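Analysis of the macromolecular model
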Amino acid sequence: IILIVGLPQLSETVYTPSLPDIAHDLQTSASMVEYTLTIYLFGFAIGTLFWGKLSDKFGRKPCVIAGLIIFIFGCIGCYFSTNITLLMLSRFIQAFGGSIGSVLGQAICRDAFHGPALGRVYSSIGSALALFPALGPVIGGVIAEHFGWSSIFLFLMVFALIVTILVSIKLPETHHKNNRKKIAIWTVALHLMRNKKVIGFGLIVAGCNGILFSYFAEGSFYLIKILGLSPSEYGFSFTLIATATMMGGILSKKLHAHHSSKVIMNYGLVIITMAALIFSLVAFASHSIVPLPNGLMIAVTIMSQMSMAFGICMSTSNALALALVDYKHAIGTASSLFGFFYYGVISLFTLGMGFLHNGTLLPMPLYFLCIAVFMAIVQRIMIRTS
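Residues numbered from 1 in each chain as written. Predicted model: local features only at pLDDT ≥ 70, side-chain atom pairs only at ≥ 80, totals over all residues. Heavy atoms only, no water.

**Side note on the overall build of the chain**
Quick reminder of the rule: Elements are defined by DSSP. Helices are runs of H or I of four residues or more, strands are runs of E of two residues or more, and each kind is numbered from the N terminus. Between the two quantities, the radius of gyration covers C-alpha atoms and the globule rule is 2.2 Å times the number of residues to the power 0.38. Exposed residues in this analysis have more than 50% of their type's maximum accessible area, buried residues have under 20%, and partly exposed residues fall in between, with area computed by a 1.4 Å probe over protein chains only. Here a residue-residue contact requires only that any non-hydrogen atoms of the pair lie within 4.5 Å. Note that accessible areas follow from Shrake-Rupley with a 1.4 Å probe, and for residues the cover is restricted to the protein chains shown.
If you tally the helices and strands in the chain, you get 16 helices and zero strands. In terms of C-alpha radius of gyration, the chain reaches 20 Å, essentially the compact-globule figure of 21 Å for 386 residues. Overall, the chain is about 65 × 50 × 35 Å in size when its C-alpha atoms are taken along their principal axes. When burial is assessed residue by residue, the chain has 59% of its 386 residues classed as buried. In the chain, once contacts between residues fewer than 6 apart in sequence are set aside, the share between residues at least 24 apart is 85%. Surface summary for the chain: the accessible area is close to 15300 Å², and the carbon and sulfur share equals 72%.

Pasting the structure below:
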(Lines give C-alpha, C1' and ligand atoms only; values in the text may rest on other atoms or scores of the structure.)
Protein backbone atom coordinates (compact mmCIF):
# COMPACT_ATOMS: atom_id res chain seq x y z
CA ILE A 1 0.00 0.00 0.00
CA ILE A 2 2.83 2.38 0.89
CA LEU A 3 4.52 1.87 -2.50
CA ILE A 4 1.25 2.32 -4.40
CA VAL A 5 0.37 5.53 -2.56
CA GLY A 6 3.98 6.74 -2.48
CA LEU A 7 4.72 6.58 -6.22
CA PRO A 8 2.51 9.53 -7.25
CA GLN A 9 3.80 11.54 -4.27
CA LEU A 10 7.35 10.88 -5.47
CA SER A 11 6.33 11.95 -8.97
CA GLU A 12 4.83 15.17 -7.63
CA THR A 13 8.04 16.31 -5.96
CA VAL A 14 11.00 14.69 -7.70
CA TYR A 15 11.26 17.30 -10.46
CA THR A 16 10.60 20.40 -8.34
CA PRO A 17 14.31 21.32 -7.92
CA SER A 18 14.49 21.48 -11.73
CA LEU A 19 11.56 23.86 -12.29
CA PRO A 20 13.82 26.90 -12.95
CA ASP A 21 15.94 24.81 -15.38
CA ILE A 22 12.85 23.48 -17.14
CA ALA A 23 11.55 27.03 -17.59
CA HIS A 24 14.90 28.02 -19.12
CA ASP A 25 15.29 24.96 -21.38
CA LEU A 26 11.71 25.03 -22.68
CA GLN A 27 11.81 28.82 -23.03
CA THR A 28 8.72 29.46 -20.95
CA SER A 29 7.77 31.44 -17.83
CA ALA A 30 8.04 30.41 -14.20
CA SER A 31 4.25 30.48 -13.86
CA MET A 32 3.78 28.13 -16.83
CA VAL A 33 6.22 25.63 -15.33
CA GLU A 34 4.41 25.84 -11.98
CA TYR A 35 1.20 25.00 -13.86
CA THR A 36 2.70 21.59 -14.75
CA LEU A 37 1.97 20.74 -11.11
CA THR A 38 -1.54 22.15 -11.45
CA ILE A 39 -2.22 20.03 -14.57
CA TYR A 40 -0.79 17.02 -12.73
CA LEU A 41 -3.23 17.52 -9.87
CA PHE A 42 -6.12 18.04 -12.30
CA GLY A 43 -5.24 14.78 -14.07
CA PHE A 44 -5.05 13.17 -10.65
CA ALA A 45 -8.57 14.40 -9.85
CA ILE A 46 -9.97 13.02 -13.12
CA GLY A 47 -8.21 9.71 -12.50
CA THR A 48 -9.64 9.28 -9.01
CA LEU A 49 -13.14 9.65 -10.47
CA PHE A 50 -12.40 6.90 -12.98
CA TRP A 51 -10.49 4.27 -10.99
CA GLY A 52 -12.72 4.01 -7.93
CA LYS A 53 -15.84 3.13 -9.93
CA LEU A 54 -13.86 0.70 -12.11
CA SER A 55 -12.32 -1.01 -9.08
CA ASP A 56 -15.75 -1.54 -7.50
CA LYS A 57 -16.66 -3.53 -10.61
CA PHE A 58 -13.43 -5.36 -11.49
CA GLY A 59 -11.46 -5.39 -8.22
CA ARG A 60 -8.56 -3.33 -6.87
CA LYS A 61 -5.53 -5.28 -8.15
CA PRO A 62 -6.18 -5.20 -11.94
CA CYS A 63 -6.95 -1.48 -11.75
CA VAL A 64 -3.73 -0.80 -9.83
CA ILE A 65 -1.70 -2.59 -12.52
CA ALA A 66 -3.50 -0.75 -15.36
CA GLY A 67 -2.91 2.60 -13.67
CA LEU A 68 0.79 1.88 -13.21
CA ILE A 69 1.16 1.04 -16.91
CA ILE A 70 -0.49 4.33 -17.91
CA PHE A 71 1.81 6.14 -15.48
CA ILE A 72 4.83 4.59 -17.23
CA PHE A 73 3.62 5.85 -20.64
CA GLY A 74 3.27 9.32 -19.11
CA CYS A 75 6.88 9.14 -17.88
CA ILE A 76 8.07 8.31 -21.39
CA GLY A 77 6.18 11.33 -22.76
CA CYS A 78 7.73 13.61 -20.13
CA TYR A 79 11.22 12.35 -20.99
CA PHE A 80 10.81 13.21 -24.67
CA SER A 81 9.06 16.57 -24.12
CA THR A 82 10.60 19.43 -26.10
CA ASN A 83 8.03 22.11 -25.24
CA ILE A 84 5.81 23.04 -22.31
CA THR A 85 2.62 21.85 -24.05
CA LEU A 86 3.92 18.30 -24.51
CA LEU A 87 5.25 18.26 -20.95
CA MET A 88 1.85 19.31 -19.59
CA LEU A 89 0.04 16.65 -21.66
CA SER A 90 2.46 13.96 -20.49
CA ARG A 91 2.13 15.08 -16.88
CA PHE A 92 -1.65 14.77 -17.23
CA ILE A 93 -1.29 11.16 -18.51
CA GLN A 94 1.20 10.40 -15.75
CA ALA A 95 -1.18 11.75 -13.11
CA PHE A 96 -4.21 9.94 -14.55
CA GLY A 97 -2.41 6.62 -14.13
CA GLY A 98 -0.74 7.54 -10.84
CA SER A 99 -4.05 8.50 -9.26
CA ILE A 100 -4.61 4.81 -8.48
CA GLY A 101 -2.21 5.48 -5.62
CA SER A 102 -4.64 7.76 -3.84
CA VAL A 103 -8.08 6.33 -4.51
CA LEU A 104 -7.19 2.62 -4.57
CA GLY A 105 -4.63 2.87 -1.79
CA GLN A 106 -7.38 4.34 0.40
CA ALA A 107 -9.93 1.79 -0.83
CA ILE A 108 -7.58 -1.12 -0.04
CA CYS A 109 -7.00 0.30 3.46
CA ARG A 110 -10.74 0.60 4.04
CA ASP A 111 -11.31 -2.91 2.67
CA ALA A 112 -8.79 -4.40 5.08
CA PHE A 113 -9.02 -2.27 8.25
CA HIS A 114 -11.92 -0.99 10.34
CA GLY A 115 -12.68 1.16 13.38
CA PRO A 116 -9.79 2.62 15.42
CA ALA A 117 -7.37 0.38 13.50
CA LEU A 118 -8.11 2.39 10.35
CA GLY A 119 -7.05 5.64 12.04
CA ARG A 120 -3.84 4.03 13.28
CA VAL A 121 -3.11 2.61 9.82
CA TYR A 122 -3.64 6.01 8.19
CA SER A 123 -1.29 7.61 10.72
CA SER A 124 1.35 4.94 10.08
CA ILE A 125 1.06 5.29 6.31
CA GLY A 126 1.11 9.09 6.60
CA SER A 127 4.32 8.89 8.60
CA ALA A 128 5.97 6.39 6.26
CA LEU A 129 4.90 8.32 3.16
CA ALA A 130 6.79 11.35 4.41
CA LEU A 131 9.82 9.62 2.92
CA PHE A 132 8.50 9.83 -0.65
CA PRO A 133 7.95 13.60 -1.05
CA ALA A 134 11.18 14.12 0.89
CA LEU A 135 13.28 11.72 -1.16
CA GLY A 136 11.83 13.16 -4.38
CA PRO A 137 13.62 16.55 -4.33
CA VAL A 138 16.82 14.95 -2.99
CA ILE A 139 16.92 12.41 -5.82
CA GLY A 140 15.67 14.91 -8.38
CA GLY A 141 18.27 17.50 -7.44
CA VAL A 142 21.14 15.01 -7.77
CA ILE A 143 19.84 13.55 -11.07
CA ALA A 144 19.24 17.01 -12.56
CA GLU A 145 22.72 18.27 -11.68
CA HIS A 146 24.49 15.21 -13.13
CA PHE A 147 22.25 13.96 -15.95
CA GLY A 148 19.74 16.73 -16.75
CA TRP A 149 16.14 17.19 -15.68
CA SER A 150 14.63 14.87 -18.32
CA SER A 151 16.46 11.88 -16.78
CA ILE A 152 14.27 12.30 -13.70
CA PHE A 153 11.39 10.79 -15.67
CA LEU A 154 13.48 7.74 -16.62
CA PHE A 155 14.03 7.18 -12.90
CA LEU A 156 10.26 7.37 -12.31
CA MET A 157 9.62 4.91 -15.13
CA VAL A 158 12.03 2.34 -13.64
CA PHE A 159 10.55 2.84 -10.16
CA ALA A 160 7.01 2.32 -11.55
CA LEU A 161 8.11 -0.88 -13.33
CA ILE A 162 9.44 -2.27 -10.05
CA VAL A 163 6.20 -1.39 -8.23
CA THR A 164 4.16 -3.02 -11.03
CA ILE A 165 6.12 -6.27 -10.65
CA LEU A 166 5.76 -6.24 -6.85
CA VAL A 167 2.01 -5.55 -7.06
CA SER A 168 1.57 -8.41 -9.56
CA ILE A 169 3.34 -10.85 -7.24
CA LYS A 170 2.57 -9.63 -3.71
CA LEU A 171 -0.69 -7.66 -3.55
CA PRO A 172 -3.78 -9.72 -2.68
CA GLU A 173 -7.20 -8.74 -3.99
CA THR A 174 -9.08 -7.06 -1.12
CA HIS A 175 -12.40 -6.46 -2.91
CA HIS A 176 -13.70 -9.96 -3.62
CA LYS A 177 -16.37 -10.83 -6.19
CA ASN A 178 -19.05 -11.66 -3.63
CA ASN A 179 -18.70 -8.11 -2.22
CA ARG A 180 -18.98 -6.38 -5.59
CA LYS A 181 -22.31 -4.69 -6.09
CA LYS A 182 -23.61 -2.42 -8.79
CA ILE A 183 -23.28 1.08 -7.37
CA ALA A 184 -25.14 4.07 -8.85
CA ILE A 185 -22.41 6.71 -8.94
CA TRP A 186 -24.85 9.64 -9.10
CA THR A 187 -26.69 8.39 -6.02
CA VAL A 188 -23.44 8.27 -4.05
CA ALA A 189 -22.35 11.65 -5.46
CA LEU A 190 -25.59 13.36 -4.43
CA HIS A 191 -25.40 11.82 -0.97
CA LEU A 192 -21.81 13.06 -0.55
CA MET A 193 -22.66 16.56 -1.77
CA ARG A 194 -25.46 16.83 0.80
CA ASN A 195 -23.16 15.73 3.63
CA LYS A 196 -21.72 18.92 5.10
CA LYS A 197 -19.20 17.03 7.22
CA VAL A 198 -17.77 15.10 4.24
CA ILE A 199 -17.38 18.35 2.27
CA GLY A 200 -15.67 19.90 5.31
CA PHE A 201 -13.18 17.05 5.64
CA GLY A 202 -12.51 17.25 1.91
CA LEU A 203 -11.76 20.97 2.10
CA ILE A 204 -9.37 20.40 5.02
CA VAL A 205 -7.52 17.66 3.11
CA ALA A 206 -7.41 19.98 0.07
CA GLY A 207 -6.19 22.96 2.12
CA CYS A 208 -3.39 20.96 3.78
CA ASN A 209 -2.24 19.55 0.45
CA GLY A 210 -2.74 22.95 -1.18
CA ILE A 211 -0.05 24.32 1.15
CA LEU A 212 2.27 21.39 0.44
CA PHE A 213 1.89 21.43 -3.34
CA SER A 214 2.08 25.21 -3.52
CA TYR A 215 5.38 24.92 -1.67
CA PHE A 216 6.55 22.28 -4.15
CA ALA A 217 5.64 24.64 -7.01
CA GLU A 218 6.87 27.95 -5.58
CA GLY A 219 9.55 26.78 -3.15
CA SER A 220 12.24 26.13 -5.78
CA PHE A 221 11.93 29.69 -7.14
CA TYR A 222 11.70 31.04 -3.57
CA LEU A 223 14.77 29.25 -2.20
CA ILE A 224 16.87 28.76 -5.36
CA LYS A 225 16.20 31.83 -7.49
CA ILE A 226 15.63 34.41 -4.73
CA LEU A 227 17.57 33.14 -1.70
CA GLY A 228 20.43 31.38 -3.53
CA LEU A 229 20.25 27.68 -2.62
CA SER A 230 21.55 25.17 -5.19
CA PRO A 231 19.08 22.55 -6.55
CA SER A 232 20.76 19.79 -4.52
CA GLU A 233 20.74 21.90 -1.32
CA TYR A 234 17.07 22.66 -1.92
CA GLY A 235 16.41 18.95 -2.42
CA PHE A 236 18.20 17.97 0.79
CA SER A 237 16.12 20.51 2.76
CA PHE A 238 13.18 18.16 2.25
CA THR A 239 14.81 15.59 4.53
CA LEU A 240 14.13 18.01 7.40
CA ILE A 241 10.56 18.52 6.26
CA ALA A 242 10.13 14.73 5.95
CA THR A 243 11.43 14.22 9.49
CA ALA A 244 8.87 16.71 10.79
CA THR A 245 6.10 14.98 8.81
CA MET A 246 7.07 11.58 10.21
CA MET A 247 7.09 13.01 13.74
CA GLY A 248 3.60 14.38 13.14
CA GLY A 249 2.45 10.92 12.09
CA ILE A 250 4.09 9.28 15.11
CA LEU A 251 2.50 11.79 17.52
CA SER A 252 -0.88 11.36 15.83
CA LYS A 253 -0.67 7.60 16.28
CA LYS A 254 0.25 7.94 19.97
CA LEU A 255 -2.53 10.46 20.62
CA HIS A 256 -5.12 7.93 19.38
CA ALA A 257 -4.75 6.19 22.74
CA HIS A 258 -6.43 9.12 24.51
CA HIS A 259 -8.00 11.40 21.88
CA SER A 260 -10.45 11.10 18.99
CA SER A 261 -9.40 11.57 15.38
CA LYS A 262 -11.32 14.86 15.22
CA VAL A 263 -9.45 16.32 18.20
CA ILE A 264 -6.08 15.28 16.76
CA MET A 265 -7.03 16.84 13.41
CA ASN A 266 -7.85 20.11 15.20
CA TYR A 267 -4.47 20.10 16.97
CA GLY A 268 -2.83 19.86 13.54
CA LEU A 269 -4.84 22.81 12.20
CA VAL A 270 -3.72 24.99 15.13
CA ILE A 271 -0.06 24.12 14.46
CA ILE A 272 -0.42 24.93 10.75
CA THR A 273 -2.04 28.30 11.45
CA MET A 274 0.58 29.37 14.01
CA ALA A 275 3.47 28.37 11.73
CA ALA A 276 1.95 30.20 8.74
CA LEU A 277 1.36 33.31 10.87
CA ILE A 278 4.98 33.44 12.11
CA PHE A 279 6.29 32.83 8.56
CA SER A 280 4.11 35.64 7.21
CA LEU A 281 5.17 38.13 9.90
CA VAL A 282 8.88 37.47 9.29
CA ALA A 283 8.48 37.69 5.50
CA PHE A 284 6.47 40.91 5.79
CA ALA A 285 9.10 42.44 8.08
CA SER A 286 11.89 41.49 5.67
CA HIS A 287 9.96 42.80 2.66
CA SER A 288 8.63 46.04 4.13
CA ILE A 289 10.74 47.04 7.16
CA VAL A 290 14.30 45.67 7.36
CA PRO A 291 15.65 43.19 4.77
CA LEU A 292 16.87 40.08 6.58
CA PRO A 293 19.97 38.10 5.54
CA ASN A 294 19.32 35.33 3.02
CA GLY A 295 20.61 32.69 5.45
CA LEU A 296 18.12 33.75 8.11
CA MET A 297 15.23 33.76 5.63
CA ILE A 298 16.22 30.28 4.41
CA ALA A 299 16.21 29.02 8.03
CA VAL A 300 12.83 30.63 8.78
CA THR A 301 11.32 29.26 5.56
CA ILE A 302 12.45 25.68 6.17
CA MET A 303 11.53 25.73 9.89
CA SER A 304 8.08 27.14 9.08
CA GLN A 305 7.52 24.48 6.45
CA MET A 306 8.66 21.79 8.91
CA SER A 307 6.11 23.02 11.45
CA MET A 308 3.34 23.15 8.87
CA ALA A 309 4.25 19.67 7.59
CA PHE A 310 4.07 18.35 11.18
CA GLY A 311 0.55 19.73 11.55
CA ILE A 312 -0.49 18.72 8.03
CA CYS A 313 0.32 15.06 8.70
CA MET A 314 -1.80 15.15 11.86
CA SER A 315 -4.73 16.84 10.11
CA THR A 316 -4.84 15.00 6.79
CA SER A 317 -4.44 11.46 8.13
CA ASN A 318 -7.31 11.93 10.57
CA ALA A 319 -9.55 13.84 8.15
CA LEU A 320 -9.15 11.01 5.61
CA ALA A 321 -9.90 8.37 8.25
CA LEU A 322 -13.09 10.19 9.34
CA ALA A 323 -14.46 11.36 6.01
CA LEU A 324 -16.06 8.21 4.59
CA VAL A 325 -16.85 6.07 7.64
CA ASP A 326 -20.53 5.92 6.59
CA TYR A 327 -19.82 4.73 3.03
CA LYS A 328 -18.47 1.21 3.53
CA HIS A 329 -21.15 -0.13 1.16
CA ALA A 330 -19.68 1.80 -1.78
CA ILE A 331 -16.19 2.66 -0.60
CA GLY A 332 -14.46 2.50 -4.00
CA THR A 333 -16.97 4.83 -5.64
CA ALA A 334 -17.12 7.10 -2.57
CA SER A 335 -13.30 7.24 -2.39
CA SER A 336 -13.07 8.16 -6.07
CA LEU A 337 -15.66 10.93 -5.78
CA PHE A 338 -14.08 12.22 -2.58
CA GLY A 339 -10.62 12.14 -4.18
CA PHE A 340 -11.93 13.90 -7.30
CA PHE A 341 -13.34 16.64 -5.11
CA TYR A 342 -10.30 17.35 -2.96
CA TYR A 343 -7.74 16.95 -5.74
CA GLY A 344 -9.77 19.34 -7.88
CA VAL A 345 -9.64 21.89 -5.05
CA ILE A 346 -5.89 21.24 -4.55
CA SER A 347 -5.29 22.01 -8.24
CA LEU A 348 -7.11 25.33 -7.77
CA PHE A 349 -4.89 26.15 -4.78
CA THR A 350 -1.72 25.52 -6.81
CA LEU A 351 -3.19 27.53 -9.69
CA GLY A 352 -3.61 30.42 -7.25
CA MET A 353 0.04 30.13 -6.21
CA GLY A 354 1.08 30.39 -9.85
CA PHE A 355 -1.04 33.51 -10.34
CA LEU A 356 0.47 35.14 -7.25
CA HIS A 357 4.11 34.44 -8.23
CA ASN A 358 5.89 37.79 -8.57
CA GLY A 359 9.52 37.00 -7.74
CA THR A 360 9.36 38.32 -4.15
CA LEU A 361 9.32 36.62 -0.74
CA LEU A 362 5.85 37.81 0.29
CA PRO A 363 3.14 35.95 -1.70
CA MET A 364 3.90 32.38 -0.56
CA PRO A 365 3.73 32.84 3.25
CA LEU A 366 0.67 35.11 3.03
CA TYR A 367 -1.04 32.59 0.75
CA PHE A 368 -0.32 29.80 3.24
CA LEU A 369 -1.78 31.89 6.06
CA CYS A 370 -4.96 32.51 4.03
CA ILE A 371 -5.34 28.76 3.41
CA ALA A 372 -4.78 28.03 7.12
CA VAL A 373 -7.45 30.55 8.14
CA PHE A 374 -9.80 29.10 5.51
CA MET A 375 -9.36 25.61 7.01
CA ALA A 376 -10.03 26.90 10.52
CA ILE A 377 -13.30 28.47 9.31
CA VAL A 378 -14.29 25.23 7.53
CA GLN A 379 -13.60 23.22 10.69
CA ARG A 380 -15.75 25.52 12.78
CA ILE A 381 -18.69 25.87 10.39
CA MET A 382 -18.88 22.50 8.59
CA ILE A 383 -17.42 19.96 11.03
CA ARG A 384 -17.66 21.28 14.56
CA THR A 385 -21.32 22.28 14.22
CA SER A 386 -22.42 19.15 12.30
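**What about helix α10 (residues 185-194)?**
Selection criterion: Our arc is simply the arc of the directions from the helix axis toward the C-beta atoms.
Along α10, the positions that sit buried rather than exposed are Val 188, Ala 189 and Leu 192. Mapping the buried residues of α10 onto a view down its axis gives an arc of 100 degrees, with all of them on the same face. Residues Trp 186, Thr 187 and Arg 194 are exposed on α10 and point more than 90 degrees away from its buried face.

**Remarks on the state of the cysteines**
Here is the rule we go by: Defined by distance alone, a disulfide is two cysteine sulfur atoms within 2.5 Å.
Taken as a whole and assessed by the stated rule, the structure comprises zero disulfides. Left unpaired, Cys 208 is separated from the closest cysteine sulfur, that of Cys 313, by 9.9 Å.

**Concerning the nonpolar core**
Short version of the rule: By convention a nonpolar core is built from buried Ala, Val, Leu, Ile, Met, Phe, Trp, Tyr and Cys residues, the set being connected through side-chain atoms within 4.5 Å.
Judged by nonpolar contacts, the single largest core of 116 residues is most densely connected at Ile 204, Tyr 222, Ile 272 and Met 308. For this core, the leading source of residues is helix α11 (residues 196-226), giving 18 residues.

**Re the packing of aromatic side chains**
Selection criterion: Ring pairs are drawn from Phe, Tyr and Trp, using the six-membered ring of Trp, whenever the two centres fall within 6.5 Å, and their geometry is named by plane angle: stacked under 30 degrees, edge-to-face over 60, tilted for the rest.
One pass over the structure, following the stated rule, counts 20 aromatic pairs. Taking the centre distance of 6.0 Å and the plane angle of 65 degrees together, the rings of Tyr 35 and Phe 355 count as edge-to-face. Highlighted residues: Tyr 35 in helix α3 (residues 30-58) and Phe 355 in helix α15 (residues 331-356), separated in sequence by 320 residues. Judged by centre distance (6.5 Å) and plane angle (90 degrees), the rings of Trp 149 and Phe 153 are edge-to-face. Exposure class is identical for Trp 149 and Phe 153. Each is buried. Ring pairs connect the aromatic residues Tyr 40, Phe 44, Phe 338, Tyr 342 and Tyr 343, which therefore count as one cluster.

**Overview of the environment of Ser 55**
What counts is decided by this rule: For this analysis, a polar contact is any N or O atom pair within 3.5 Å, provided that within protein one partner can donate a hydrogen and the other can accept it, and provided that sequence-adjacent residues contribute only side-chain to side-chain pairs.
By the element assignment, Ser 55 lies in helix α3. Residue classification places Ser 55 among the buried positions, given a relative accessible area of 0%. Among the polar contacts listed, one links the side chain of Ser 55 to the side chain of Arg 60, at a separation of 2.9 Å.

**Details of unusual backbone geometry**
With phi around 55 degrees, Gln 27 is a residue other than glycine that occupies positive phi space. Take Gln 27: it is sitting in the loop between α2 (19-25) and α3.

By themselves these figures say nothing about function.
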